[in-house]
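Breakdown of the fold
Chain by chain, the residues:
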Amino acid sequence: MTIQPRELAEMFLAGEDERAMEAVLGYLENHSHDELYHDLVTPAMYLIGDWWQENIISVADEHLATAVCDFVVSAAELKRKPKQGESRKVMVLGPEGEDHYIGLKMVTSLFKDHGWQVQYMGPNLPLDAALESAQRWKPDVVAMSAALAYRLPALKMYSEAFRKLDFHPTVIIGGRAVATADITKLRTEGTLVVKDLPQLKNWLQTGKETDNDFEISI
Ligand code: B12
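Here goes a summary of the coordinates provided. (Residues numbered from 1 in each chain as written. Predicted model: local features only at pLDDT ≥ 70, side-chain atom pairs only at ≥ 80, totals over all residues. Heavy atoms only, no water.)

To continue, consider the nonpolar core. Of all hydrophobic cores here, the largest spans 44 residues; its most connected members are Leu8, Phe12, Leu36, Val41, Phe111, Leu200 and Trp203. Elements supplying a minimum of two residues to this core: α1 (5–13), α2 (17–28), α3 (33–53), α4 (59–77), β1 (89–95), α5 (102–113), β3 (141–145) and α9 (197–206). Each of domain 1 (5–77) and domain 2 (89–217) gives at least three residues to this core. Residues contacting Leu200, with those up to four places away along its chain left out, are Val107, Leu110, Phe111, Ile172 and Val194. Ranked by size, the runner-up nonpolar core spans 22 residues in total, among them Leu131, Ala134, Leu152 and Val193. (Core = buried A, V, L, I, M, F, W, Y, C linked by side-chain atoms within 4.5 Å. Buried < 20%, exposed > 50% of the residue type's maximum accessible area, 1.4 Å probe, protein only. Helix = DSSP H or I, 4+ residues; strand = E, 2+ residues; numbered from the N terminus. Domains from an automatic or database assignment. Contact = heavy atoms within 4.5 Å.)

Below, the structure written as structure tokens:
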């Protein structure tokens, strides 16, 4: 029987890294990496977030679960077959102040699955450092993430700054905050809003942006 998000979340919470890794590697025998991340690991982490918010688990429990999740995602990445032949480049990062990065690792994985060269810069990258690095490496795309709504202005500021670089990279913004808010007003020309991994996959394969309905408007 296929493992369910709740079972995985419970393994994360119990600190059962070996068991969680076995479960995930078993899942990968019949599923792709993006299915693993979108259908299993993301909902498991969202459950952890709900239980944390409802005080069912402590901050320490949530940290342990996140550490095990991070380990399992890294282990899953070692099982991804490298693809060659695509020369496009993407820089993946979270803006200054943003600490959530598991989603960024999954975004990195999906770009790699499509043969892109990826520089995964992690979360909390100051703008000056990000711009300087982009100017040197000249990525075709800069992909950024925000988990919290109050980070959206930072995403806008970063997007505008990247778009002003002389090679005008395409900017893709995603993450939990972006997926739930109507950020039409925060959008700048050349910036794509991509809600989740299936939408990113669609864009990577067709070059088309998906129309979005949002729950809230800011
Ligand atoms: C783990 C966690 C943390 C960890 C993060 C560590 C780490 N290594 O990432 C720590 C402890 C640092 C943390 C801190 C905080 N957190 Co937190 N955190 C979580 C938790 C439980 C899981 C996050 C996660 O990994 N999710 C799984 C990933 C895979 O999901 P995702 O990020 O949404 O990414 C998916 C998509 O959004 C998309 N995606 C993501 N990025 C991008 C980018 C692009 C370009 C694209 C195309 C797609 C895309 O693809 C991913 C794959 O499906 C969430 C719960 C939740 N619902 O997410 C709370 C949660 C996000 N945190 C929350 C809060 C409040 C905080 C804090 C403010 C708490 C505090 N008081 O300090 C701080 C803020 C820290 C900061 N400055 O950023 C709240 C936010 C509530 C709100 N109303 O916005 C949540 C929802 C918990 C809750 N239910 O209350 N957190």
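As a general point, the strands of a sheet are linked pairwise by backbone hydrogen bonds and lie either parallel or antiparallel. With parallel pairing, five strands are arranged side by side in an open sheet as β2-β1-β3-β4-β6. Pairing within the sheet leaves two strands with one partner each, and these edge strands are β2 (117–125) and β6 (191–193). Strand-to-strand twist in this sheet, taken as the mean axis angle between neighbours without regard to direction, amounts to 20°. As defined by bridge partners, β3 adjoins strand β4 (residues 170–174) across five bridges and the pair is classed as parallel. By the bridge assignment, Ala143 is partnered in β4 with Ile172. (Pairing = 2+ DSSP bridges. Axes fitted to C-alpha atoms, helices over the stretch in contact; angles between N-to-C directions.)

It is worth spelling out the pairing of β3 at this point. With five of five residues buried, β3 lies mostly within the body of the structure. By the alternation rule, side chains of β3 split into Val141, Ala143 and Ser145 and Val142 and Met144, which are all buried. As paired strands, β1 and β3 are joined by four bridges and run parallel to one another. Paired with Met91 across the strands is Val142, a residue of β3. Running through helix α7 (residues 152–163), the crossover from β3 to the neighbouring parallel element β4 is right-handed. (Right-handed = clockwise from strand over helix to strand, strands pointing away.)

Two elements in contact, helix α6 (residues 127–137) and α7, have axes separated by 11 Å at closest approach and are oriented at 30°. Here α6 is positioned roughly parallel relative to α7, judged by the angle of their axes. Note that α6 runs across α7; the crossing there is right-handed. Residues Leu127, Ala130, Leu131 and Ala134 of α6 form the contact with α7, whose own contacting residues are Met157, Tyr158, Ala161 and Phe162. In terms of residue class, the contact of α6 with α7 is made up of eight nonpolar, no polar and no charged. (Parallel < 35°, antiparallel > 145°, perpendicular 65-115°, else oblique. Left-handed = near helix turned anticlockwise from the far one by under 90°. Nonpolar A, V, L, I, M, F, W, Y, C, P; charged D, E, K, R; others polar.)

A lone protein donor binds the cobalt atom of the ligand: His100 (NE2), at 2.3 Å. Tracing the chain through its elements places His100 in the loop between β1 and α5. (Donors = N, O, S within 2.8 Å, 3.2 Å for Na, K, Ca; no water.)

In this section: α4. Taking 1.5 Å per residue, 19 residues should reach 27 Å; α4 reaches 27 Å between its end C-alpha atoms and fits that length. Every buried residue belonging to α4 is among Glu62, Ala65, Val68, Cys69, Asp70, Val72, Val73, Ala75, Ala76 and Glu77, and all of these are buried. If you follow the buried residues of α4, they end up packed against α1, α2, α3 and α5. N-capping of α4 is provided by Ser58, with a side-chain oxygen placed 3.3 Å from the backbone N of Ala60. (Expected span 1.5 Å × (residues − 1). Polar contact = N/O pair within 3.5 Å; in protein donor to acceptor, adjacent residues only side chain to side chain.)

The next subject is the site of the ligand. Inspection of the region around the ligand gives 30 residues, with Tyr46, Gly97, His100, Tyr101 and Ser145 positioned closest. Between a nitrogen atom of the ligand and a main-chain N or O atom of Gly175, the distance comes to 3.5 Å. Looking at which element gives the most residues to the shell around the ligand, the answer is α3, with six residues. When residues of the shell around the ligand are sorted by domain, at least three fall in each of domain 1 (5–77) and domain 2 (89–217). (Near = heavy atom within 4 Å.)

For the rest of this paragraph, the subject is the pairing of β1. Taken across its seven residues, β1 has seven buried, putting it largely inside the fold. A crossover connection joins β1 to the parallel β2 through α5; in handedness this β-α-β unit is right-handed.

Taken by themselves, the reported measurements are silent on function.
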